[in-house]
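The residues making up each chain are set out below.
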Amino acid sequence: MAYLSEDDLARMGFAALGQNVRISDRASIYEPEKMRLGDHTRIDDFCVISGRVTMGRNVHVAALCLVAGGAPGVTLGDFAGMAYGAKVFSQSDDYSGATLTNPTVPDGFKTEHMAPVRLGRHVIIGTNAVVGPGVELGDGSAVGAGSVVLHSTEPWTIVAGTPAKRIKTRKQDLLDLERQYLDQQES
């Protein structure tokens, strides 16, 4: 995988750009002036990142992911990760049939649900999972592969299914490893 150079990243005009940010030269980044990327963030091949997006430190967005921040925004907390093909949307057309849909239709003829999305610290989203507008995944939440998440989760919860439901509590052992890692970074 080839990454954009530091000069390329600087020219893109991000609102904020941490250290050691790696973005594939095959990723598509739209409206970087609305994005804040933390230290050690990595965005892999064929991702589409657009709109208001904030990523903390050590965030990983695997190949083929979509983060559609739109106007409301998407926030990924420190150490959050998205596996291959995961998608996060902060806005969606109204599918009820009460209004028209799609971006070719003027606003007066359609309704969109728009609400910010927040992925807490240490959240992991499995392969091909989808997270909808207004969802807050509490710190440490894990989303199973192929799940559709339309409701917020409590911290340290594992959810899966369509629609996603609570499966069990996630272990917090990784917090000790985080402390060790951060202590090592400061040394």
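Residues numbered from 1 in each chain as written. Predicted model: local features only at pLDDT ≥ 70, side-chain atom pairs only at ≥ 80, totals over all residues. Heavy atoms only, no water.

## Some points on the overall build of the chain
Counting its secondary structure elements, the chain contains two helices and 22 strands. Relative to the 2.2 N^0.38 estimate, which gives 16 Å for 187 residues, the radius of gyration of the chain is 17 Å and therefore close to what a compact globule would have. Taken over the C-alpha atoms alone, the chain extends approximately 60 × 45 × 25 Å along its principal axes. Here the chain holds 187 residues, and the buried ones make up 40% of them. If you sum the accessible surface of the chain, you get close to 9,900 Å²; carbon and sulfur atoms cover 52% of it. Of the charged side chains in the chain, 18 are positive and 22 negative, and the gap between their average positions amounts to 5 Å. (Helix = DSSP H or I, 4+ residues; strand = E, 2+ residues; numbered from the N terminus. Rg over C-alpha atoms; globule rule 2.2 N^0.38 Å. Buried < 20%, exposed > 50% of the residue type's maximum accessible area, 1.4 Å probe, protein only. Areas by Shrake-Rupley, 256 points an atom, 1.4 Å probe, with all protein chains shown as cover. Lys, Arg positive; Asp, Glu negative; His and termini not counted. Charge placed at Lys NZ, Arg CZ, Asp CG, Glu CD.)

## Concerning the packing of aromatic side chains
Counted by the stated rule, this structure contains one aromatic pair. With centroids separated by 5.9 Å and ring planes inclined at 80°, the aromatic side chains of phenylalanine 79 and tyrosine 181 adopt a geometry described as edge-to-face. Of the two residues, phenylalanine 79 is situated in the loop between strand S10 (74-76) and strand S11 (81-82) and tyrosine 181 in helix H2 (residues 174-186); the sequence distance between them amounts to 102 residues. What makes tyrosine 181 partly exposed here is its relative accessible area of 24%. Looking at arginine 22, its charged tip hangs above the ring of tyrosine 3, at a distance of 5.1 Å from the centre. (Phe/Tyr/Trp six-rings, centres within 6.5 Å; stacked < 30°, edge-to-face > 60°. Lys NZ or Arg CZ within 6 Å of the ring centre and 35° of its normal.)

## Side note on the sheet that holds strand S8 (residues 60-61)
In a beta sheet, neighbouring strands are held together by backbone hydrogen bonds and run either parallel or antiparallel to one another. Within the open sheet, the eight strands sit side by side as S2-S5-S8-S11-S16-S19-S21-S22. Their pairing is mixed. Strands with a single pairing partner mark the edges of an open sheet, and in this sheet they are strand S2 (22-23) and strand S22 (165-169). Bridge count for strand S19 (residues 142-143) against strand S21 (residues 157-160) is two bridges, and the pairing is parallel. The residue of S21 that forms the bridge with valine 143 is valine 159. (Pairing = 2+ DSSP bridges.)

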